[in-house]
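# Coordinates in review
Spelled out, the chains give:
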Amino acid sequence: MNQLTLWVILVLLQRENLSQSFTQPLEHDFIIVGGGTAGCLLAARLSEVPEWKVLLIEAGGEENLLTDVPLAGPFSILTWLNWGYLTEKNDTFGLGLKNGRLVWPRCKILGGTSVMNAMAYSRGNRRNYDSWAKIGNEGWDYENILNYFKKSERMSISSLESDTKYHSTKGELDINYPPYRSAIANAFIAASLENGTQYIDYNAQRQSGVSYVQATMKNGRRLSSNRAFLQPVRKRRNLHVITRSLVTKILIDKDKKAYGVEYKLFNLITLKAYAKNEIILSAGTANSAQLLMLSGIGPQDHLKTLNIPVVQDLKVGDNMQDHVSMLNFNFVVNSSVDIRLDNPFNLVKDIFYYVKDGKGELTVPSGFEALSFIDIGEQDNFPEIEFFFSGQLLPAIPLYLSPLGFLSKRFNEFYKPLASRNGFTIFPILLRPHSSGRLRLKDSDPHSNPLIYPDFFSDPRDIEILIKGIRMFMSLMKTESFQKLGVDVYRKPIPPCKHHGFDSDEYWECTIRYMTVSMQHAVGTCKMGPDSDPDAVVDPRLKVRGIQNLRVVDASIMPSITSGHTMAPIYMIAEKAADMIKEDNGK
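This write-up is about the structure you can find in this document. (Residues numbered from 1 in each chain as written. Predicted model: local features only at pLDDT ≥ 70, side-chain atom pairs only at ≥ 80, totals over all residues. Heavy atoms only, no water.)

### Structural notes on the pairing of strand β6 (residues 215-218)
- Note that strand β4 (residues 173-176) and β6 share 2 bridges and pair antiparallel. The partner of Asn-176 across the bridge, within β6, is Ala-215.
- Counting the residues between successive antiparallel strands, the hairpin from β6 to strand β7 (residues 221-222) contains 2 residues, one of them, Asn-219, with a positive phi of roughly 55°. (Pairing = 2+ DSSP bridges. Helix = DSSP H or I, 4+ residues; strand = E, 2+ residues; numbered from the N terminus.)

### A short note on the pattern of salt bridges
- On inspection of all chains with the given rule, the structure shows 32 salt bridges.
- We note a salt bridge from Arg-227 to Asp-68, for which the minimum N-O separation is 3.0 Å. With Arg-227 in helix α7 (residues 225-230) and Asp-68 in the loop between β2 (54-57) and α4 (126-134), this pair connects stretches of sequence that are 159 residues apart. The residues Arg-227 and Asp-68 share a single accessibility class, namely buried.
- Asp-380 is the partner of Arg-206 in a salt bridge, and the nearest nitrogen-oxygen pair spans 3.0 Å. (Salt bridge = Lys/Arg side-chain N within 4 Å of Asp/Glu carboxyl O. Buried < 20%, exposed > 50% of the residue type's maximum accessible area, 1.4 Å probe, protein only.)

### A few points about unusual backbone geometry
- A positive phi angle is found at Lys-256, which is not glycine, with a value near 60°.
- Within the secondary structure layout, Lys-256 lies in the loop between β9 (245-252) and β10 (258-265).
- Given the relative accessible area of 32%, Lys-256 is considered partly exposed.
- The phi dihedral of Ser-366 falls on the positive side, at around 55°, and the residue is not glycine.

### A look at the environment of Phe-427
- If you trace the backbone, Phe-427 turns up in strand β18 (residues 422-430).
- A C-alpha to C-alpha distance of 5.0 Å links Phe-427 and Phe-388, two positions 39 residues apart in sequence.

### Some details on the side chain of Gln-321
- Mapped onto the elements of the fold, Gln-321 is located in the loop between β13 (312-313) and β14 (324-326).
- Assessed through its relative accessible area of 9%, Gln-321 is described here as buried.
- There is a polar contact of 3.0 Å between the side chain of Gln-321 and the side chain of Asn-319.
- A polar atom in the side chain of Gln-321 sits 3.2 Å from the backbone oxygen of Pro-559. (Polar contact = N/O pair within 3.5 Å; in protein donor to acceptor, adjacent residues only side chain to side chain.)

Here it is as structure tokens:
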């Protein structure tokens, strides 16, 4: 290594606050792998015990002022913050995407995907958690986990904060309605009420209904896991945080006891860290499963094909579930009542209001303002569909910043006429999918992206439910609230499906399969289950089966996906895990 290279590394170390990579204690009590949604909260909670030395290792860097802007969330997908994952090509979904591969966003930064998501705080449904307990996960029923939702929450919506059964005002995570509301979002709420849908607090007793988005934000700015939990405690002497460091292997001895990790700083220097008590994986649904398999914990047939020595044969990577939607459920209106990003003058004005007061259009979380949870079947208050409302048309976003940039060019003729129109986009989200997929290693190189097979729509019931949801939303166009704005569905068919009659079931099935989009809620690759479950990777205390001193604490442990956005359940999982870890270690 020449002097110039050494000098550059030292400058980067200073800039990223990474000098402690070399000055940290040789041994810690706990090592947390991944400073994402779960990892930041977990590091804060475990470091509350002053005699415990806690090390948090994150592959990405620090947040900046741009990541605080709520409306800018989706743009992070096109930056170095994103891991750059793509799904493998499949003939059941994503047929209109470039090379048939779906973008699978995951954020590489302190705060994880809470830095790029739509900030929607949605706990899901009571029956989600009761079903976890019913299959043998003791202590994970709704009544037992409700307090863990409340522990981290600081409800700041005045009309909801008095409901102490379901909410708390004492946590670190502020929950607010975004300060800006477009006229078309107000019309969506009004049309839903007019159509018989109830306005609800979807994080209380009832989940079926309509609401403005409850968002993780403070003073009009994004409040990530890092901002809420980790930053306020970074100066604790027993807490050490290392960024820009990819963990490549869990160190496991001959007695199957995890005792440390190997990681690469800047992909240049290989270092090791050791833990007396536990290694905790909070690297997310993709990366926690990937790291387990790289370390010899996973399906033995798969590991053997990659010449990875098998330490423990477990079904790591299976049971992967996600919420899925489509890109092209667009509606046009006859007046300027929506959000537009293609007017430079308005953008300058929005920046001024945002910087000055934390107000204006830039405070809208990833462009989403409202949502409704809809019952399709016979089970009341157990929604199968969510309508996620965005008060903008995707073509109003410059193409190089838009998800449309991931479509093949054949769709230009569909979207080009929309560029000059006013309107909104609805994402009909399948909340309880019947289809599930899997994740596998490409090879034994920790720098290789994993192979992702979500297998969307492999079960035809999922398509049927989405089409029923589409039909239910189309009924809103008959309401007075939408009629007076001239709301109409954009009726130009996408090219591959125009041989089907527009608005036929065949047309919608075709368009769903071509214009597929993941809602970034993948879970389940390290399934939690009792000893009797042969598919379980971790037990109900989140300990990896057959391996001592190793846990997983993130969305990957979910046995089944929740009926809503997954950020709030991840916070709950981390809160409950922190208490279990303290209890298991005598605190």
